[in-house]
Amino acid sequence: MWSVVRFWSTHRHELVTLLAQHLLLVAASTLVAVAIGVPIGIFAARRPRLAAPLIAIANVVQTIPSLAMFGFLLPVPLAGGVGARAAVVVLILYGLLPIVRTTIAGLRGIDRAIREAGVAMGMTMRELLRQVELPLAMPSIVAGVRVAAVAGVGSATIAAAIGAGGLGEYLYRGLSMVDTTVILAGAIPAALLWLERQLSARRRAPVRRAAFAGAAALAGILLASSAVAAWRSGADVVVGSKNFTEQFVLGELLAQAIEREGLSVDRRLNLGGTLICDRALLMGDIDVYVEYTGTALTAIFHRPIEKDSSRVYDEVRELYARTGRTLLPPLGFNNTFAILVRGTDARSLGLRTIGDAARESPRWRAGFGYEFVGRPDGYPGLAEAYGLRFPAPPRVMDLTLSYRALASGQVDLIAGDTTAGLIKGLDLLQLEDDRHYFPPYDAAAVARAEALLRYPQLRRALERLSGRISAADIAAGFLARVPSGAPENVSAVPRRR
Amino acid sequence: MPGAAIEFRDVSFARPSRPRVLDHFSLAVGAGEVLALVGRSGAGKSTLLKLVNRLLLPVSGAVIVEDRDTRDWDPIRLRRRIGYVLQEVGLFPHMTVASNVGVVPRLEHWAEDRVAARTMELLDLVGLPTAQFATAWPDELSGGQRQRVGVARALAVDPPVLLMDEPFGALDPLTRAELHAEFRRIQSRVRKTVIIVTHDMGEAFALGDRVGVIEDGTLVACDRPMVVAASRDMRVRRLLDAVRLDRDALQRAD
């Protein structure tokens, strides 16, 4: 517990920023959900035949897991992509259901005699709505807004998956590094925030003051949302990264190299898997990130596996060029998949190669990340190449969680990253790919051609990095010493070289 | 009938794919007259009132208000010339008594001081002292007080016509008798054209200049109370007998 407090005090500026981002995400999305949901609710309340299908649609939207929602929205222009905007769109979609539903319920719940009295007194539909129906439905609508805001506080943690910031960043960062302190550092304030919303919801405003309270809340949210607009950075270059430790470090390396050329950089690290980064780059949400040649060949461009590393590089470079992107020279190391087992098992069973592990596989359980299971250069091909025969299908789990699952004996074999610092930290052993199943995975920056044209310094910065990060550097395990918390803490690395 | 404030000319009404509520109904109400309509529940009394302020339009025939077909009236203008009092009153629960009374004047964009003066005048008229009741909320009032506010609200912009749908139906007999007296007192001062609907023959006799009896969507009798009381029509007698039975029961209880 003390470590969490210490973490907060050393990271208090970052904590405040993330907290503010979190609140702004929720406030902005709730505001828009109100602006859309209340009119929809009013419309639907007057047309009962429409209300049922509308609620049904909203219900379906609500049941889509938020990560899947981000996935759906990735290729959608304007609303999708990565960053705060996409997160707000998803949170709006989640906020709509409670607001539409309570608006309909609030309007339907009005005594028929009261509405009839208003009409008979000669109120126009508009006057009736403004003077009678909305004030009377307001407590119900406010309750819906509260539900949306409370749910939003929770859902906003997921927003970090697409680089929108917020307290979820700590959760993901902590999960990536299997660091409970960091997870708690994000989870505790998120939970407190949720609790606070819940408790303040208990103190119910009386009917007549609800309208005023609603108006005040709206004004506050408006203010907040204008702040969100301002918070969107106007940086020259946006650097992205995938969601594991090595990628944070590489992203930070790129960012600092670019900054040294005098360009301002917006860091969108921890964006999720390969496809999220690829889409983000394609749509211009990010300008550059580090990809691996074998991954690009198979997972992005769906080409057959190729063994020769320079042929792979040339082919991928060509494929990128056709889609308006430029693959820069390799950084200098190959981060292949590491088939990992526990060090104790390896020693007691005498395991050295993946072929050795195939012998043991009928008695083992395997656990893989989402990507590895689905990729053409992933599990199915590997099982075929080595004759792996696990009694049960592999457990599919978060890549970064799988290290911990292996170390704690829940699974017996995983596919990790060669460069993951945890390999040493958790006493894991990488089995040799003696049949050369995996293609080369040379790390290289890939950038939008447009950004390279606009900023010649960008190309200079990226080319300066090429060939300067060796496999030995990675193997030396400096990544294992990355302190918990911010990727920014590795600032010493590039200067050393 | 020339000079009638409200006239039903051969009016039929039915909701889509439902039986007829009114069947070739004709009736004229003179200016300043109180017409009390009696009939059992579902006889079409409330429908009649809603045809006057154009909450409903007739299927055939015409409803004439102030020499103009309701179809030709702008519904908003028409309704603001007609006060409407319901059994459930329909006071707006989110407004004070004074605000409730001031709704239509404000819709008509009266100046605030004029609204305030009128509200005070009306609360006085219906016997609710302004000092005590203006800032009260509807849920703090008794049923009788609420009904008085409903009447004050209906009279706010001094409309020539007043429609009352079972206005005293939900009140206890003592309060009801008290409000009957109040109604007669107020009507003697304001002289509105009033249609009041009730299922209680006694109330109709107490309030109406004329009493109309409705059954199955037609007017079976319509005349001065004494004439209706002497009617030989079976349908009228049944309603009268119901009142008499009540009185007999009361006498036996004594």
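Here, every reference points to the structure presented above.
Residues numbered from 1 in each chain as written. Chains lettered and ligands numbered in written order. Predicted model: local features only at pLDDT ≥ 70, side-chain atom pairs only at ≥ 80, totals over all residues.

## Digging into helix H8 (residues 173–190) of chain B
Residues and elements named next belong to chain B.
Part 1: Between its first and last C-alpha atoms H8 spans 25 Å; for 18 residues at 1.5 Å apiece the expected length is 26 Å, and the two agree.
Part 2: Considering only its buried residues, H8 is in contact with helix H5 (112–125), helix H7 (143–154) and helix H9 (201–207).
Part 3: Looking one or two residues past H8, Arg191 carries a phi angle of roughly 50°, positive in sign. (Helix = DSSP H or I, 4+ residues; strand = E, 2+ residues; numbered from the N terminus. Expected span 1.5 Å × (residues − 1). Contact = placed C-beta atoms within 7 Å.)

## A closer look at the interface of chain B and chain A
Part 1: Every contact between the two is made by 14 residues of chain B and, on the other side, 16 residues of chain A.
Part 2: Of all the secondary-structure elements, those providing two or more residues to the side of chain B that touches chain A are helix H2 (75–80), strand S6 (82–86) and helix H4 (103–107) of chain B.
Part 3: Looking at the side of chain B that touches chain A residue by residue, the classes come out as eight nonpolar, three polar and three charged. (Nonpolar A, V, L, I, M, F, W, Y, C, P; charged D, E, K, R; others polar.)

## A word on the nonpolar core
Part 1: Of all hydrophobic cores here, the largest spans 128 residues; its most connected members are Leu25(A), Leu91(A), Ala36(B), Val52(B), Ala152(B), Leu163(B) and Ile195(B).
Part 2: Tallying contributions element by element places helix H5 (residues 84–108) of chain A first for this core, with 15 residues.
Part 3: Apart from residues no more than four positions distant in its own chain, Ala36(B) is found in contact with Ile196(B), Thr198(B), Ala204(B), Leu207(B), Gly208(B) and Val211(B).
Part 4: Among the nonpolar cores identified, the runner-up in size contains 47 residues, and Tyr289(A), Tyr320(A), Tyr441(A) and Leu458(A) belong to it. (Core = buried A, V, L, I, M, F, W, Y, C linked by C-beta atoms within 7 Å. Buried ≥ 20, exposed ≤ 12 C-beta atoms within 10 Å, placed from the backbone.)

## A short note on helix H6 (residues 112–120) of chain A
Part 1: Residues of H6(A) that are buried: Ile114(A), Ala117(A), Gly118(A), Val119(A) and Ala120(A).
Part 2: Buried residues along H6(A) sit in contact with helix H7 (125–155) of chain A together with H2 and S6 of chain B.
Part 3: Remark: Gly122(A) follows H6(A) within two positions and exhibits a positive phi of approximately 90°.

## Digging into the pairing of strand S9 (residues 210–215) of chain B
Every regular strand shows the same layout, with side chains that alternate between the two sheet faces.
All names here are of chain B.
Part 1: Extensive coverage of S9 is indicated by the burial of five of its six residues.
Part 2: Sheet topology note: the strand S3 (residues 34–38)/S9 ladder contains four bridges and is parallel. From the neighbouring strand, Leu35 faces S9, where its bridge partner is Arg210.
Part 3: Taking the residues between adjacent antiparallel strands as the criterion, S9 and strand S10 (residues 218–223) are bridged by two residues, where Asp216 takes a positive phi near 50°. (Pairing = 2+ DSSP bridges.)

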